[in-house]
Amino acid sequence: MKITRGQVEHVAHLARLALRDEEIAEFTGQLDAILAYVDKLNELETDDVEPTAHVIPMGNVVREDAVGEGLLIEDVLANAPGRKDRFFRVPRIL
Amino acid sequence: MDLFRWTIHEASAALRAGRCTPAELMASVNGRIQAVEDKVHAYVSVAGDAAVQQASSLNARNEASPLWGVPIALKDNLATQGMRTTCSSRILEHFRPPYDATVVSRLKGAGAVFSGKTNLDEFAMGSSTETSCMGTTRNPWDPTRIPGGSSGGSAAAVAADACLAALGSDTGGSIRQPASHCGIVGLKPTYGRVSRFGLVAFASSLDQIGPLTKDVIDAAILLKAIAGHDPRDSTSVNVPVPDYPSLLNGEVRDMRIGVPQEYLQVGIQREVREAVRNALDLLAGAGASIREVSLPHTDYAVSAYYILATAEASSNLARYDGVKYGYRAEPVEDLLEMYRRSRAEGFGPEVKRRIMLGTYALSSGYYDAYYRKAQQVRTLIMRDFEAAFDVCDVLLAPTCPTTAFRIGEKVNDPLQMYLSDIYTISVNMAGIPGISIPCGFDDGGLPIGLQVLGKHFDEATVLNAAYAYEQRTDWHRKRPPL
């Protein structure tokens, strides 16, 4: 086995997903099969190969610090599942 | 005359000559949508009368634009201001973006009319539209089969004449594979050619927006309209955009066409191989020089892709937390429970599976073994293409190893589903442009797609090679019996 049920539970916690027991079991089997297939990559010798994050050469992009058009607060809050006044409302944190 | 059957360039000529109005054309498309949508289910949202009103109120100043008054469908992961944008996910079921994607505002500026938002695999994660929370789209050629994915709704809408053309997005084949399965044209531009601003992110280093159309001329027209640098997408590249339609001449004399041997080996359906061989013969007859090339790391592309794409997805989809927009589970005790339950209840199984795989690949202790390794293999895949393009102008290959599979056939075996993208995935890994065009039918009457791949930012040559083939065949004129 490449991956255990305990590891799947840990990853679900990292990903902030409340998975049901049967989902944990299903994902354990499926992720195990996928990771076993992905192991193929280890057939390749890559010690001297640079990793590629982006295919097009890229640098940081800067712009003038000028006032421009932005989104209107009311338009943005229209999609909020919970709001109070001009704020997003969430459950108690402290 | 059924106006809805027109291509963009046919419609544009008719509109400019005053033979019909944008409202009449849009009304014709709406009638077609009503007639076929029960059988195809290409759309998540249909604009309906609102689109006719949009067509009626078009500014006449735009009449010189080839898209003026032309009904276009948009994949439902492209932000449309005030118009529901769901990504076919429960978590965004009621989301109405406060802004337009750059491609949407460009099309609006060109006078296009939006017929509606098309179905996709949830967050574009899938090859069949079966992971959509809005139901599965059906292949217009055979309703028991998938249309391909993830832009399956866009491809099916074009094939069914339920729009004149559509936009999709392609992360591992999501424009080209459904275009192939539905018998239409689908183009993935070079990474950086088209702004991704307003495209709901799946895997940011791989995603690219492109057209799905009835022929190659239309693909050239739409690409020209959406391409170009955008200050709001720092990965969009500031290079000139050629006038693609005027560069189509169908001339392939002395064009060097490479055939990757790895793309015609085991697992490929007999009729697909034959159709690609016939296409090569045809282009050789037209004066192209054909040579075999090798892309030796092809076998590793799917593995590397499913690490990189899921890792990027796990990061991109962290934003769905039930705070600012989208689904929120209620009632909850605390913030953590809100995150965990909103995401568990809002995302479907395939999205969760990919978030899990990506989170695992990025988690402490596994990063080097999976993520870094996959990035290194990505370099090897890029080098394969660089070597091939040293001796070729374009590469020709099948788009998919088989024609459209049956609905339900692969839904319980994610690995088999992933492997169906074997010929399209490498192209995203290398960031090069690729087009799928119709090149025949299998014994069961299902369409086969031919893929033409080119160098970075050389869409013009890709389009012209595709146009050369299209001009000498009539596969693109075939329509499903609906």
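All figures in this text were calculated on a predicted structure; none of them were measured in a lab.

Cut-offs applied
Residues numbered from 1 in each chain as written. Chains lettered and ligands numbered in written order. Predicted model: local features only at pLDDT ≥ 70, side-chain atom pairs only at ≥ 80, totals over all residues. Heavy atoms only, no water. Contact = heavy atoms within 4.5 Å. Buried area = accessible area lost by both parts, 1.4 Å probe. Salt bridge = Lys/Arg side-chain N within 4 Å of Asp/Glu carboxyl O. Polar contact = N/O pair within 3.5 Å; in protein donor to acceptor, adjacent residues only side chain to side chain. Helix = DSSP H or I, 4+ residues; strand = E, 2+ residues; numbered from the N terminus. Pairing = 2+ DSSP bridges. Axes fitted to C-alpha atoms, helices over the stretch in contact; angles between N-to-C directions. Parallel < 35°, antiparallel > 145°, perpendicular 65-115°, else oblique. Left-handed = near helix turned anticlockwise from the far one by under 90°. Nonpolar A, V, L, I, M, F, W, Y, C, P; charged D, E, K, R; others polar. Buried < 20%, exposed > 50% of the residue type's maximum accessible area, 1.4 Å probe, protein only.

## Section: the interface of chain A and chain B
Inference 1: Facing 51 residues of chain A, the contacting portion of chain B comprises 67 residues.
Inference 2: Taken together, both faces of the contact between chain A and chain B bury some 5300 Å²; the carbon and sulfur share is 69%.
Inference 3: Among the residues chain A hides against chain B, the three largest losses belong to Leu41, Val55 and Asn79 of chain A. Together they make up 12% of the total.
Inference 4: At the surface where chain A touches chain B, the tally comes to three salt bridges.
Inference 5: For glutamate 23 of chain A, the salt bridge identified is with lysine 352 of chain B, shortest N-O distance 2.8 Å.
Inference 6: Linking chain A with chain B are 17 residue pairs in polar contact (both at pLDDT 80 or more), by the criterion used here.
Inference 7: Listed by contribution, the elements that provide at least two residues to the side of chain A that touches chain B are helix H1 (5–14) and helix H2 (21–38) of chain A.

## A few points about the sheet that holds strand S4 (residues 165–169) of chain B
All names here are of chain B.
Inference 1: If you trace the 11 strands from one edge of the open sheet to the other, you get S1-S3-S2-S4-S6-S5-S10-S11-S9-S7-S8, paired in mixed fashion. Looking at strand neighbours, the two that pair on one side only are strand S1 (43–46) and strand S8 (289–293), the edges of this open sheet. The sheet shows a mean angle of 30° between the axes of neighbouring strands, taken without regard to direction.
Inference 2: Note: strand S7 (residues 256–260) against S8, five bridges, orientation parallel. For valine 259, the partnering residue across the bridge sits in S8 and is glutamate 292.
Inference 3: Of the strands in this sheet, S1, strand S2 (71–75), strand S3 (113–118), S4 and strand S6 (209–213) are in contact with helix H5 (residues 152–159), which crosses S4 at around 165°.
Inference 4: Set on the sheet, helix H13 (residues 367–391) makes contact with S7, S8, strand S9 (394–398) and strand S11 (447–454); between it and S9 the angle comes to about 120°.

## Let's talk about the side chain of threonine 359 of chain B
Inference 1: Relative to the helices and strands, threonine 359 of chain B resides in helix H12 (residues 349–362).
Inference 2: For threonine 359 of chain B, the side chain forms a polar contact with the main-chain oxygen of isoleucine 355 of chain B, separated by 2.6 Å.

## Structural notes on the packing of H2 of chain A against H12 of chain B
Inference 1: Taken N-terminus to C-terminus, the directions of H2 of chain A and H12 of chain B make an angle of 60°; their axes are 11 Å apart at the nearest point. On the basis of their axis angle, the class for H2 of chain A and H12 of chain B is oblique. Between H2 of chain A and H12 of chain B the crossing geometry is right-handed. The residues of H12 of chain B that touch H2 of chain A, namely those facing Glu23, Glu26, Phe27, Gln30, Leu31, Ile34 and Leu35 of chain A, are Pro349, Lys352, Arg353, Met356, Leu357 and Tyr360 of chain B.
Inference 2: Of the residues that constitute the contact of H2 of chain A with H12 of chain B, the class distribution is eight nonpolar, one polar and four charged.

## Comments concerning the pattern of salt bridges
Should their charged atoms come close, side chains of opposite charge can pair.
Inference 1: The tally for this structure, following the rule as stated, stands at 32 salt bridges over all chains.
Inference 2: Measuring nitrogen to oxygen at the nearest pair gives 3.9 Å for the salt bridge that ties aspartate 299 of chain B to lysine 40 of chain A. With aspartate 299 of chain B in the loop between S8 and helix H10 (301–316) and lysine 40 of chain A in the loop between H2 and helix H3 (73–77), this residue pair bridges two chains.
Inference 3: Judged by its relative accessible area of 44%, aspartate 299 of chain B falls in the partly exposed class.
Inference 4: Linked by salt bridges that have partners in common, Asp2, Arg5, Asp161, Lys214 and Arg479 of chain B make up one network.

## Considerations on the pairing of S6 of chain B
Residues and elements named next belong to chain B.
Inference 1: Burial analysis of S6 places five of its five residues in the buried class, which makes it a mostly covered element.
Inference 2: When strand S5 (residues 185–188) meets S6, the two strands line up antiparallel, connected through two bridges. The residue of S6 that forms the bridge with valine 185 is threonine 213.

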